[in-house]
Amino acid sequence: MIQVWKKLRKDAGGYLFVLPAVIFMLLLIGYPLLYNIILSFQNVDLSNLAGGKREFVGFANYRTVAEEEVFGISIQNTLVYTVGSVFFQVIIGFCLASFFSMKFKLAGFLRGIMMISWLIPMTVTALLFKFMMGSEEGILNQMLMTFYFIEEPIGWLSSPNIALWSVIIANIWIGIPFNMLLLSTGLSSLPQDVYESASLDGANWWQKLVHITLPLLKPVIMVVLMLGFIYTFKVFDVVYVMTGGGPINSTEVLSTLAFRYSFSDFDFSLGAAVANVLFIMLFVISLIYLRMIKKDEAI
Amino acid sequence: MSNRKSLVLSIVGIVIVALFLFPVYWMIITAFKAQTEIFRTPPTLFPQNFQIDSFIAVMQGDVGQYFLNSVIIAGLATLVVLLLAVPSAYGLARFKIKGVSSMMLIFLVTQMLPATVVLTPLFIVFNNLGLLNTYAAPVLATATLGVPFSVLLLRTFFMGIPKELEEAANIDGCSRLRAFLQVIIPISLPSVLVCGAISFFFAWGDLIFSITFNRDQELWPLTAGIFNAVGRYGIEWNNLMAFATISVLPVIIIFVLLQKHLVEGLVSGSVK
């Protein structure tokens, strides 16, 4: 009896340490998540927000949203944005990680200082790129024209065909150091003796890259790809500040669309429906990611 | 590696980093230019007429208030994160209690969720609780960014501390809580500091929570202020860039102070 009591007291101590944070996250993220699903099946706008009568309307919100042309566009944009950003971030990140893995004097310091682009508030970065990408006065066009790469200024953010890629460029800049850092850690954990014996066998750097580095680094690369996907898919600040979704919806993504429905039109249920579509797509990716890291270690 | 090769690589490295960080340089340098110089063709890579009028202009505006709000919001959010995450990570690392893996899963999953998904429900909940247009709304919301990150990072760290340290403290008659406060916390201070700094950055960078929950501009942080200023300053990019430089300054200062620890911490906190 005394032992049971002791065990209980010991456990209670543990829960006192652990639970406050768990409850905090469940209240502020878990509960809103469920609430969002309910909202998406109701008809909540400004009139019944604070306690008026709410009705369940089935899939009506989803149908309304899906009938708008902008919904399809924003799904497509979100995917292009994510895949484009992650692809270039990982490739550039990998090149830089390889470069800085050569142990020269300033390597660690220089690699660290690049993190600044990741730490700057995204709102500021977005504004900065908006400034640099201005069609008349922007430094980017000015430089390209000075070196005769282009003759006419490019409408980086004003042309519907280009704007999405301009926003992607800003996002790539933000994400490069983070990818580089994770890949650097992966590179530094590779066994050196494999490379030494490959050198003895006369392998050149390309053969070493394709036959040794990439296969050995595959688990790390997969994790980096997944994390990149998860963190990029929910993009909001960069797009919202740089273009606000325009011109003519050409940069509208799911999160900016959801935000517009909820907080410009005050059609909270439509916003919730779009946010839910975003959530479901992310959820599937997250499940794959969780399964992947679960193989590495028991969480 | 020979000294010569090291030197060459270092120079190449400096060039790469300089090119990569050019936007940051351009932001700072534009802030020191006069309005007429910004639109000059070809552009000047260094201000011909170095002036601080832009900083004076934005300081006379609302930047002071925005800055204070950012400090309050990010500071309080960091406090909330540390108070919740440090004990939680310790408990997950040390106590043999039921449900550890499902609680870990909660942190992993909540870390990945986009703000957009919880934004509308939180707005309604905060509205009903009367928390809209208070500091509490963005503080609570931005703390959810730091809590899971810090728990996951610190748990890994705590698991690496030898148990004998606390056992020695327990034999001395210390209670579990005192062992935690007097033995564990002091030796984990660098890691706790990293979590604090990163949670601070998360909260400092928030835009969406503040503009959604607080229509009252008196409570806006720098990010919301600068976003709003785009309309107000129009094409006065030198003023906007002065505003931007002020917004980034604290982040860069903290980063420089903690650089070595931060880089290590970011890796271990993100991959787990």
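The rules behind these values
Residues numbered from 1 in each chain as written. Chains lettered and ligands numbered in written order. Predicted model: local features only at pLDDT ≥ 70, side-chain atom pairs only at ≥ 80, totals over all residues. Heavy atoms only, no water. Contact = heavy atoms within 4.5 Å. Salt bridge = Lys/Arg side-chain N within 4 Å of Asp/Glu carboxyl O. Polar contact = N/O pair within 3.5 Å; in protein donor to acceptor, adjacent residues only side chain to side chain. Helix = DSSP H or I, 4+ residues; strand = E, 2+ residues; numbered from the N terminus. Nonpolar A, V, L, I, M, F, W, Y, C, P; charged D, E, K, R; others polar. Domains from an automatic or database assignment. Buried area = accessible area lost by both parts, 1.4 Å probe. Axes fitted to C-alpha atoms, helices over the stretch in contact; angles between N-to-C directions. Parallel < 35°, antiparallel > 145°, perpendicular 65-115°, else oblique. Phe/Tyr/Trp six-rings, centres within 6.5 Å; stacked < 30°, edge-to-face > 60°. Buried < 20%, exposed > 50% of the residue type's maximum accessible area, 1.4 Å probe, protein only.

> Honestly, the interface of chain A and chain B in this entry has me stumped. Any pointers?
Frequently, the measure chosen for interface size is the accessible area that the parts lose on association. At the interface, 92 residues of chain A touch 95 residues of chain B. Inspection of the chain A/chain B interface yields 0 salt bridges. The tally of links from chain A across to chain B stands at 8 residue pairs in polar contact (both at pLDDT 80 or more). A total of 23 residues in the side of chain A that touches chain B trace back to one element, the largest contributor, which is helix 1 (residues 2-40) of chain A. Taken together, the residues of the side of chain A that touches chain B sort by class into 70 nonpolar, 11 polar and 11 charged.

> Honestly, the domain arrangement of chain B in this entry has me stumped. Any pointers?
All names here are of chain B. Split by domain assignment, chain B resolves into domain 1 (3-54) and domain 2 (61-271). A C-alpha centroid distance of 32 Å is found between domain 1 and domain 2. Roughly 810 Å² of surface becomes buried between domain 1 and domain 2 when both sides are summed, with 71% attributable to carbon and sulfur atoms. Ranking the residues of domain 1 by area buried against domain 2 places Met27, Gln35 and Ser54 at the top, with a combined share of 55%. Our count for the domain 1 to domain 2 interface comes out at 0 salt bridges. For the pair domain 1 and domain 2, the number of links is 2 residue pairs in polar contact (both at pLDDT 80 or more). Of all the secondary structure elements, the ones that give two or more residues to the side of domain 1 that touches domain 2 are helix 2 (22-31) and helix 3 (35-38). Counting residues per element, the side of domain 1 that touches domain 2 draws most heavily on helix 2, at 4 residues. In the side of domain 1 that touches domain 2, the residues fall into 6 nonpolar, 4 polar and 1 charged.

> Would you mind going over the side chain of Gln142(A) with me for this structure?
Looking at the secondary structure, you find Gln142(A) in helix 7 (residues 139-146). Setting aside residues up to four positions removed in sequence, Gln142(A) forms contacts with Glu136(A), Glu137(A), Arg40(B), Thr41(B), Pro42(B) and Pro43(B).

> What is the right way to read the packing of helix 6 (residues 122-132) of chain A against helix 2 of chain B from this model?
The geometry of a pair of packed helices is captured by two quantities: the angle between their axes and the separation between those axes. Two numbers describe how helix 6 of chain A lies on helix 2 of chain B: the axes approach to 10 Å, and their chain directions differ by 80 degrees. One finds that helix 6 of chain A runs roughly perpendicular with respect to helix 2 of chain B. When helix 6 of chain A is examined against helix 2 of chain B, the residues Val124(A), Leu128(A), Phe129(A), Phe131(A) and Met132(A) are found in contact with a partner set consisting of Pro23(B), Val24(B), Trp26(B), Met27(B) and Thr30(B). Its residues assigned to classes, the contact of helix 6 of chain A with helix 2 of chain B comprises 9 nonpolar, 1 polar and no charged.

> Honestly, the packing of aromatic side chains in this entry has me stumped. Any pointers?
Two aromatic rings are characterised by how far apart their centres lie and by the angle between their planes. Counted by the stated rule, this structure contains 42 aromatic pairs over all chains. With centroids separated by 5.1 Å and ring planes inclined at 75 degrees, the aromatic side chains of Phe263(A) and Phe123(B) adopt a geometry described as edge-to-face. You can see Phe263(A) sitting in helix 12 (residues 254-263) and its partner Phe123(B) sitting in helix 7 (residues 115-129), one on each of two chains. Residue class for Phe263(A) comes out buried when judged on its relative accessible area of 5%. Phe123(B) gets classed as buried once you look at its relative accessible area, which sits at 8%. What links up through ring pairs into an aromatic cluster is the set Phe236(A), Tyr240(A), Phe259(A), Phe263(A), Phe266(A), Phe268(A), Phe123(B) and Phe227(B).

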